[in-house]
Amino acid sequence: MNLHEYQGKEILSSFGVQVQRGIVATTPEEAVEAAKKLTEQTGTGWHVIKAQVHAGGRGKGGGVKLAKNINEVKDIASQIIGMNLITPQTSAEGKKVHQVLVAEDVYYPGESETSEFYMSVLLNRSTGKNMIMYSTEGGMDIETVAEETPHLIFTEEIDPGVGLTGFQARRIAFNLGLEGKAFKEMTKFVFALYKAYDQSDSSLFEINPVLKTSDDKIIAVDAKVTLDDNA
Ligand code: ADP
Ligand code: MG
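Residues numbered from 1 in each chain as written. Chains lettered and ligands numbered in written order. Predicted model: local features only at pLDDT ≥ 70, side-chain atom pairs only at ≥ 80, totals over all residues. Heavy atoms only, no water.

A.B. asks: Just to check I follow, could you spell out helix α2 (residues 28–42) for this structure?
C.D. replies: Residues spaced three or four apart along an α-helix point in a common direction, a consequence of the helix completing one turn every 3.6 residues. When the terminal C-alpha atoms of α2 are compared, their 21 Å separation across 15 residues agrees well with the 21 Å that a helix rising 1.5 Å per residue should span. Within α2, the full set of buried residues consists of Pro28, Ala31, Val32, Ala34, Ala35 and Leu38. Relative to the axis of α2, the buried residues are bounded by an arc of 160° and lie together on one face. α2 presents Glu40 and Gln41 as exposed residues on the side facing more than 90 degrees away from its buried surface. Among the structural elements, β1 (22–25), β2 (47–51), α3 (70–80) and β6 (100–104) are those in contact with the buried residues of α2. Once α2 ends, the next one or two residues include Gly43, with phi positive near 80°. (Helix = DSSP H or I, 4+ residues; strand = E, 2+ residues; numbered from the N terminus. Expected span 1.5 Å × (residues − 1). Buried < 20%, exposed > 50% of the residue type's maximum accessible area, 1.4 Å probe, protein only. Arc of directions from axis to C-beta. Contact = heavy atoms within 4.5 Å.)

A.B. asks: Can you walk me through the site of ligand 1 in this structure?
C.D. replies: Around ligand 1, a shell composed of 17 residues is seen, among which Val48, Lys50, Arg58, Gly59 and Glu116 lie nearest. In isolation ligand 1 offers 550 Å² of accessible surface; the protein chains occlude 79% of this area. Most atoms of ligand 1, that is more than half of them, are within 2 Å of grid points of the largest pocket. For the shell around ligand 1, the secondary structure elements donating two or more residues are β2 and β10 (202–212). (Near = heavy atom within 4 Å. Areas by Shrake-Rupley, 256 points an atom, 1.4 Å probe, with all protein chains shown as cover. 1 Å grid on protein atoms, 1.4 Å probe; cavity = no way out; pocket = protein on both sides within 12 Å on 5 of 7 lines; lining within 4 Å. Sits in = over half its atoms within 2 Å of the grid points.)

A.B. asks: Teacher, can you tell me more about the pattern of salt bridges here?
C.D. replies: Pairing between side chains of opposite charge can happen when the charged atoms of each approach one another. Throughout the structure, instances matching the rule amount to nine salt bridges. Linking Glu5 and Lys50 is a salt bridge whose minimum nitrogen-to-oxygen distance equals 2.7 Å. One end of the pair, Glu5, is in helix α1 (residues 5–14); the other, Lys50, is in strand β2, and 45 residues separate them in sequence. Glu5 gets classed as buried once you look at its relative accessible area, which sits at 4%. In this structure, Glu5 engages Arg58 in a salt bridge whose closest nitrogen and oxygen atoms are separated by 2.8 Å. A residue pair is termed long-range when its members are at least 10 positions apart, and Glu5 in helix α1 and Arg58 in the loop between β2 and β3 (64–67) qualify at 53 residues. Of the two residues, Glu5 and Arg58, neither departs from the other in class, the shared state being buried. Three or more residues are tied together by salt bridges with common partners; here these are Glu5, Lys9, Lys50, Arg58 and Asp222. (Salt bridge = Lys/Arg side-chain N within 4 Å of Asp/Glu carboxyl O.)

So this is what it looks like as structure tokens:
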């Protein structure tokens, strides 16, 4: 069973995975209330309005938009709620949007550049072991990365008897080119993400992008969570 982004993020968050925070809304008025509340809770100035449909590629289809003030929150929410969102992953008719996630802006400027990574956790059926697949090429369609730059996709297989090791978590942070605080934050992120996968009866986590913020935090900006149908 596929979950909406906001539901997937709730699961991640309950296991200590840092996520881009947000509040769900079903009308433009609710979106405005959500935006005000989110600013109180997080201090965010801008908001990202994100269509909640079971399909990726929402950004490309016009289902993810940045609002720089409350009027824009209302306008964008009015456009997105009720629209038929067509993305590379929907049929030609698209999917009707019933709710949006009003989310904090996590691309604020700061000390360093932001970077986007790709990370998924899944069962490798050929070995029967869980694996973490990750890439420096975040925010892009992973199939394209696999086709054009396969050397930028890495995998880490997890021995079920041992679990994810510190060595593996550090190798992931290293292969993603991180240093200092961001390196440490990434190892924590990976441990929390793997624990969430292991303990939630999920069959797939796909986080694209995982973001390194300009102040070196590591957070899940998007979340595709598939629950095991037999769980
Ligand atoms: P999808 O994968 O369905 O297109 P995402 O949640 O991954 O949806 O969002 C698409 C893109 O929108 C992200 O790759 C990211 O670059 C961009 N985005 C998300 N939040 C923000 C934000 N706060 N500011 C600017 N861009 C954002
Ligand atoms: Mg995404």
